[in-house]
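Single-letter residue listing:
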Amino acid sequence: KNVEFHVTSGSDLSCLSSESVDLVFSYAVLQHNSAMVVYGYLKEVFRILKPFGMIRFQVIEYGRLFGLCIRRLLSGNLRCAAGHFLHMFVRGDDSVVVFPNGPLGKTYRKSELETKLTEIGFSDVTFRDCDRMRGGIWVTCRKGSTSLV
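Before going into details, it helps to say that this report is about the structure given with it.

Calculation notes
Throughout this description, residue numbers start from 1 for each chain and increase along the sequence as written. Two thresholds apply to this predicted model, a pLDDT of at least 70 for residue-level local features and 80 or more for giving and counting side-chain atom pairs, whereas whole-chain, interface and lining totals are computed over all residues. Only hydrogens and water are set aside; all other atoms, that is, all heavy atoms of the structure, feed into the side-chain values. In the sections that follow, a salt bridge refers to a side-chain nitrogen of Lys or Arg positioned within 4 Å of a carboxyl oxygen of Asp or Glu. What counts as a helix is a DSSP run of H or I of at least four residues, what counts as a strand is a run of E of at least two, and both are numbered from the N terminus. We call a residue buried when its accessible area falls under 20% of the maximum for its residue type, exposed when it is over 50%, and partly exposed in between, using a 1.4 Å probe and counting protein chains only. For helices, the axis comes from a line fit to the C-alpha atoms of the stretch in contact; other axes are also lines fit to C-alpha atoms, and the angle between any two N-to-C directions lies between 0 and 180 degrees. By definition in this entry, angles of less than 35 degrees are roughly parallel, angles greater than 145 are roughly antiparallel, angles of 65 to 115 are roughly perpendicular, and the rest are oblique. Crossing handedness is defined as follows: a turn of the near helix away from the far one that is anticlockwise and smaller than a right angle gives a left-handed crossing, while the clockwise case is right-handed. Contacts are residue-level and defined by heavy atoms, with any inter-residue pair within 4.5 Å sufficient. When residue character is reported, Ala, Val, Leu, Ile, Met, Phe, Trp, Tyr, Cys and Pro are called nonpolar, Asp, Glu, Lys and Arg charged, and the others, Gly included, polar.

Pairing is possible between side chains of opposite charge, provided their charged atoms come close. Following the criterion strictly, the structure yields 4 salt bridges and no others. Measuring nitrogen to oxygen at the nearest pair gives 3.4 Å for the salt bridge that ties Lys 143 to Glu 19. Placement of the pair is Lys 143 in strand β7 (residues 136-143) and Glu 19 in the segment before β1 (21-26), with a sequence separation of 124 residues. Note that Arg 47 and Glu 44 form a salt bridge whose closest N and O atoms lie 3.1 Å from each other. In this pair, Arg 47 and Glu 44 both sit in helix α1 (residues 35-48), 3 residues apart, roughly one turn of the helix. According to the relative accessible area criterion, Arg 47 is partly exposed, its value standing at 26%.

Okay, here's the thing in structure tokens:
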């Protein structure tokens, strides 16, 4: 009840009115897009959120890929591990590396995310580990501050 699902264009949230949404939730989606697409979506989320609305999303944290590579290597999935290693060493061009299990996508530093989210206008940015086996982190923030001045 009180939940709606929308299929979007893949590049914006124009199907939703400004300041019409209380909560946006995303799991295992954003890291499969380039940073440009992700930051475009985050700007759109800011537009559609009501004041003090919240977004919670999951991405892969930069620096945690090494553990994922080792786990894949030890499990015998050499092609997948090679894809992860390639992604770690070729990261600079913001490309999505494709290998047999699909694209791993972009990884993010917490400082990078916090800077971008703050630039967009979000506040109360927090990070929490999730899905430790895959290096995921939860990012939660609000449109407008709940802090008392």
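Axis separation between α1 and helix α4 (residues 110-120) bottoms out at 10 Å; the angle between their running directions is 40°. The orientation of α1 relative to α4 falls into the category oblique. Of the two elements, α1 crosses α4, and the hand of that crossing is right-handed. On the side of α1, the interface is formed by Tyr 39, Leu 42, Lys 43 and Phe 46, while α4 contributes Glu 112, Lys 116, Leu 117 and Ile 120. Here the residues of the contact of α1 with α4 sort into 5 nonpolar, no polar and 3 charged.

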